[in-house]
Amino acid sequence: AQSVAQPEDQVNVAEGNPLTVKCTYSVSGNPYLFWYVQYPNRGLQFLLKYITGDNLVKGSYGFEAEFNKSQTSFHLKKPSALVSDSALYFCAVRGDGGFKTIFGAGTRLFVKA
Amino acid sequence: SAVISQKPSRDICQRGTSLTIQCQVDSQVTMMFWYRQQPGQSLTLIATANQGSEATYESGFVIDKFPISRPNLTFSTLTVSNLSPEDSSIYLCSVPPGQAYNEQFFGPGTRLTVL
């Protein structure tokens, strides 16, 4: 069965510091991995994805994520956080050959000025 | 990217009534998904709606409670029937952007409060 774990309910970081939001997954076959962001009172926005290829993928708003197959992780990172990055972040996974995407519980990111 | 709109954006309903949520996409899509996001929770897939066939419901969700229509390739409705306070959630429709189903695009959501 597919599953996604986001071990941190909340991440606090100072503006200008690097940020990491953690995600681990379990899936049959090769994973399709995604990060989405949800700003208050708005729908989810796609940030980035890993399907195949380079383990480091770059996405919107300066975010990137590193796929680590041995650790079954797909952590979201940004070198320098902005206050405007404060939002709810969801990791998601889908197994190749399937169509159902499973979402993690979400991690709330607070960036303090 | 697909542009997705939902109506209504929010509603407050009485117990026992029903609410129908509309989802309109600016391009033709084969698959449409309906999700529920309960307060402080993640997204849970309710059902997959394919045009020309019955919707496929996930475990824990039934057609009598969540009837779905999919009359064409750009539109779908989700009805939440016989409302109870436990149905208070954000309901989101979602589509894959093209023939290659990878990431999904989401509508802005419908925030339902049941009194």
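Residues numbered from 1 in each chain as written. Chains lettered and ligands numbered in written order. Predicted model: local features only at pLDDT ≥ 70, side-chain atom pairs only at ≥ 80, totals over all residues. Heavy atoms only, no water.

Draft legend 1. Molecular detail of the overall build of chain B. For chain B, the count of helices and strands is zero helices and eleven strands. Along its sequence from the N terminus, chain B presents helices and strands in the succession β-β-β-β-β-β-β-β-β-β-β. Taken over the C-alpha trace, chain B has a radius of gyration of 13 Å; the compact-globule value for 115 residues is 13 Å, and the two agree within 12%. With the principal axes as the frame, chain B shows a C-alpha extent of 40 × 25 × 20 Å. For chain B, the accessible surface area stands at approximately 5,400 Å², while carbon and sulfur atoms represent 48% of it. If the 7 positive side-chain charges of chain B are averaged to one point and the 8 negative ones to another, these points end up 8 Å apart. (Helix = DSSP H or I, 4+ residues; strand = E, 2+ residues; numbered from the N terminus. Rg over C-alpha atoms; globule rule 2.2 N^0.38 Å. Areas by Shrake-Rupley, 256 points an atom, 1.4 Å probe, with all protein chains shown as cover. Lys, Arg positive; Asp, Glu negative; His and termini not counted. Charge placed at Lys NZ, Arg CZ, Asp CG, Glu CD.)

Draft legend 2. Local environment of the layout of surface pockets. Size it by volume and the largest pocket reaches roughly 610 Å³. Residue lining of the largest pocket: 32 residues in total, with Gln38 and Asn41 of chain A together with Gln37, Ile90 and Arg111 of chain B positioned closest to the centre. Going through the elements one at a time, β10 (87–95) of chain A together with β9 (89–95) and β11 (110–114) of chain B are the ones with two or more residues in the lining of the largest pocket. The greatest single-element share of the lining of the largest pocket, amounting to four residues, is contributed by β11 of chain B. Residue composition of the lining of the largest pocket, grouped by class: eleven nonpolar, 16 polar and five charged. In this model, the second largest pocket occupies a volume close to 230 Å³. (1 Å grid on protein atoms, 1.4 Å probe; cavity = no way out; pocket = protein on both sides within 12 Å on 5 of 7 lines; lining within 4 Å. Points joined across faces, edges and corners; volume = space filled by probe spheres on them. Nonpolar A, V, L, I, M, F, W, Y, C, P; charged D, E, K, R; others polar.)

Draft legend 3. Up close: unusual backbone geometry. That bond from Lys7 of chain B to Pro8 of chain B is cis: its omega, -10°, falls within 30 degrees of zero. Among the structural elements, Pro8 of chain B can be located in the loop between β1 (4–7) and β2 (10–13). One non-glycine residue, Tyr61 of chain A, lies in positive phi territory at about 60°. One non-glycine residue, Thr72 of chain A, adopts positive backbone phi at about 45°. Inspection of the secondary structure puts Thr72 of chain A in the loop between β8 (64–68) and β9 (73–78).

Draft legend 4. Broad picture of the pairing of strand β5 (residues 43–50) of chain B. Residues and elements named next belong to chain B. Extensive coverage of β5 is indicated by the burial of six of its eight residues. Here strand β4 (residues 31–37) hands over to β5 after five residues, with Gly40 in that stretch at a positive phi of 70°. Remark: five residues form the turn of the hairpin made by β5 and strand β6 (residues 56–57), two consecutive strands paired antiparallel; Gly52 in that turn has positive phi of roughly 90°. (Buried < 20%, exposed > 50% of the residue type's maximum accessible area, 1.4 Å probe, protein only. Pairing = 2+ DSSP bridges.)

Draft legend 5. Broad picture of the sheet that holds strand β8 (residues 75–80) of chain B. Residues and elements named next belong to chain B. Read across the sheet, four strands follow the order β1-β3-β8-β7 without closing on themselves; strand pairing throughout is antiparallel. If you trace the sheet from one side to the other, it starts and ends with β1 and β7 (68–72), each paired once. Within the sheet, the average angular offset between the axes of one strand and its neighbour, ignoring direction, is 15°. Two elements, β7 and β8, share three bridges in a ladder whose sense is antiparallel. Among the inter-strand pairings, Asn72 is bridged to a residue of β8, identified as Phe75. (Axes fitted to C-alpha atoms, helices over the stretch in contact; angles between N-to-C directions.)

Draft legend 6. Local environment of the interface of chain B and chain A. The interface of chain B with chain A comprises 20 residues on the first partner and 20 residues on the second. Carbon and sulfur atoms make up 53% of the surface buried where chain B meets chain A, a total of about 1,600 Å² over both sides. For the pair chain B and chain A, the interface holds two salt bridges. For the interface between chain B and chain A, the tally reads six residue pairs in polar contact (both at pLDDT 80 or more). Among the secondary structure elements, those contributing two or more residues to the side of chain B that touches chain A are β4 and β5 of chain B. Broken down by element, the side of chain B that touches chain A gets its largest block of residues, four residues, from β4 of chain B. Taken together, the residues of the side of chain B that touches chain A break down into nine nonpolar, seven polar and four charged. (Contact = heavy atoms within 4.5 Å. Buried area = accessible area lost by both parts, 1.4 Å probe. Salt bridge = Lys/Arg side-chain N within 4 Å of Asp/Glu carboxyl O. Polar contact = N/O pair within 3.5 Å; in protein donor to acceptor, adjacent residues only side chain to side chain.)

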